[in-house]
Amino acid sequence: MSGTLFDDALLADPHGGYARLRQAGPVHRTTTPDGAPVWLVTRYPDVRAALADPRLSLDKRTARSGGEHGASMPPELDAHLLNLDPPDHTRLRRLVSQAFTPRSVEALRPLVRSRTAALLDQLAAPADLMAGLATPLALDVVCDLLGIAEQERPDFRRWTDTLRSPAPDAARASREALGRMHAFLTGLIAEKRARPADDLLGRMIAARDQQDRLTEPELVALTFLILFAGYDNSANLIGSALLALLTHPEVLRDLRAGALRMDQVLDETLRWNTPSMLASRRFAREDVRIGGVTVPAGERIWLSLVSANRDERQFTAPAEFRAARDGAHLGFGHGIHYCLGAALARLEAQVAITALLDRFPALRLAGDPGREPGWDASFRNRSLLELPVRW
């Protein structure tokens, strides 16, 4: 463990870097960017099996090292679904899952259409579709769902951007942003207690105060997770799907002609440019054999979704975008921790992309021909920095 595999080369070209790692072996002993030891799993069968393996815990109390080192959330934002195992995970997921069922999500379609139309009305060529559509739509929808006022949303977006920043001083800035987010969320919960509302956060508060189904730290942390994950994953999916369509004119043509469905395009996008590059870290409850390698009890494991979804052993020509491809991707995970907001992210992407293509039939990428827009230099997220277009 002389260093980390998560170096500048992997950040600059994650698909190429992970291809080399898969070729070298299924599991690698390395360190995280902050110096913590970790086992990195790269091949599809091992990642898929590990995602559903009950011997791998999300509860960091299982960790031999005692936690996440410098990458951990503050305790007041830590008690959420991605840090819990059953039965606590089951209890909290059941509490909020009703808001994300296919029927509940479908009921949000008019809202998403209205938000999308308003954003498209403001676009003028040339435009950046990340700043002008994907990001504000994802933020507005999740804030509408929780009942967060319009004037409070820019602050949340700024704090979220800080948490995702690869800048050298990101750790200090992230701690400050997390402190501000915690203060904001506790204040928001206090306001909604004083003036109850029929939104998701209002129902979560009622579950806390009237039914005692979650603790106060769980209430705050769960609100944080829904906001952060709901905003980030949806924006990344919209941006990546639009990039795929605009760089693959034959796919866009087939989609317009009805020869392809939007859900096929989104599934292939989730495989081709997976929004979350890593699943939530796991800790081995006992010595666990993964890919022929024994991971000792208590040690940290990272499962690379982006690598598994480009595994040559699972997918034919994985670097190619094939919207009618067979095979199950891991873009939203697998097992009991499968992304709770998957249906909502799909709905937002479907509505936004359909409306955009209808509104601007001559839509095309702007900038240098043949040059792909830049990506956020993050080992956790696959996020476009911008998506410049004209029509």
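All of these numbers come straight from a predicted model, not from anything done at the bench.

Scoring rules and cut-offs
Residues numbered from 1 in each chain as written. Predicted model: local features only at pLDDT ≥ 70, side-chain atom pairs only at ≥ 80, totals over all residues. Heavy atoms only, no water. Buried < 20%, exposed > 50% of the residue type's maximum accessible area, 1.4 Å probe, protein only. Helix = DSSP H or I, 4+ residues; strand = E, 2+ residues; numbered from the N terminus. Polar contact = N/O pair within 3.5 Å; in protein donor to acceptor, adjacent residues only side chain to side chain. 1 Å grid on protein atoms, 1.4 Å probe; cavity = no way out; pocket = protein on both sides within 12 Å on 5 of 7 lines; lining within 4 Å. Points joined across faces, edges and corners; volume = space filled by probe spheres on them. Nonpolar A, V, L, I, M, F, W, Y, C, P; charged D, E, K, R; others polar. Pairing = 2+ DSSP bridges. Contact = heavy atoms within 4.5 Å. Axes fitted to C-alpha atoms, helices over the stretch in contact; angles between N-to-C directions. Phe/Tyr/Trp six-rings, centres within 6.5 Å; stacked < 30°, edge-to-face > 60°.

(A) Structural context of helix 10 (residues 200–209). Helix 10 sits mainly inside the fold: seven of its 10 residues count as buried. Along helix 10, the positions that sit buried rather than exposed are L200, L201, G202, M204, I205, A206 and A207. Between the side-chain oxygen of the N-cap and the backbone nitrogen of L201 there are 3.3 Å, and the N-cap of helix 10 in question is D199.

(B) Representation of empty space enclosed by the protein in the model. Summed over all chains, the structure comprises two cavities of 30 Å³ or more. Estimates place the volume of the largest cavity at around 40 Å³. If you go around the largest cavity, the residues you meet are L11, P14, M277, W375, D376, S378, N381, R382 and S383. In terms of residue class, the lining of the largest cavity is built from four nonpolar, three polar and two charged. Estimated volume of the second largest cavity: approximately 30 Å³. If you go around the second largest cavity, the residues you meet are L10, L11, P14, Y18, M277, S378 and F379. Broken down by secondary-structure element, the contributors of at least two residues to the lining of the second largest cavity are helix 1 (8–12) and helix 2 (14–24).

(C) Region of the structure containing the pairing of strand 1 (residues 27–31). Taken across its five residues, strand 1 has four buried, putting it largely inside the fold. Across five bridges, strand 1 lies against strand 2 (residues 37–41) in antiparallel orientation. Directly across from T30, in strand 2, lies its bridge partner V38. Connecting strand 1 to the next strand, strand 2, in antiparallel fashion are five residues, including G35 with a positive phi near 95°.

(D) Expanded view of the sheet that holds strand 3 (residues 56–57). One open sheet holds the five strands; their spatial order is 1-2-8-5-3, and the pairing between them is mixed. Among the strands making up the open sheet, the edge pair consists of strand 1 and strand 3. Two elements, strand 3 and strand 5 (residues 282–284), share two bridges in a ladder whose sense is antiparallel. Residue pairing across strands places L56 opposite A284, the latter belonging to strand 5. Against the sheet, helix 3 (residues 44–51) touches strand 2, strand 3, strand 5 and strand 8 (300–303), its axis set at about 120° to strand 8.

(E) Structural detail: the layout of surface pockets. If you add up the space inside the second largest pocket, you get close to 350 Å³. If you trace the second largest pocket, you find 14 residues lining it, with A366, D368, R371, E372 and P373 closest to the centre. Among the residues making up the lining of the second largest pocket, the classes are represented as six nonpolar, four polar and four charged.

(F) Structural view of the packing of aromatic side chains. Tallied over the entire structure, the rule returns 10 aromatic pairs. With 5.6 Å between their ring centres and 20° between their planes, W302 and F379 make a pair best called stacked. In this pair, W302 sits in strand 8 while F379 sits in the loop between strand 9 (364–365) and strand 10 (388–390), placing the two residues 77 residues apart along the sequence. Here W302 matches F379 in class, with each residue buried. For the ring pair F332 and Y338, a centre distance of 6.2 Å and an interplane angle of 75° mean the geometry is edge-to-face. By relative accessible area, which is 6% here, F332 ends up buried.

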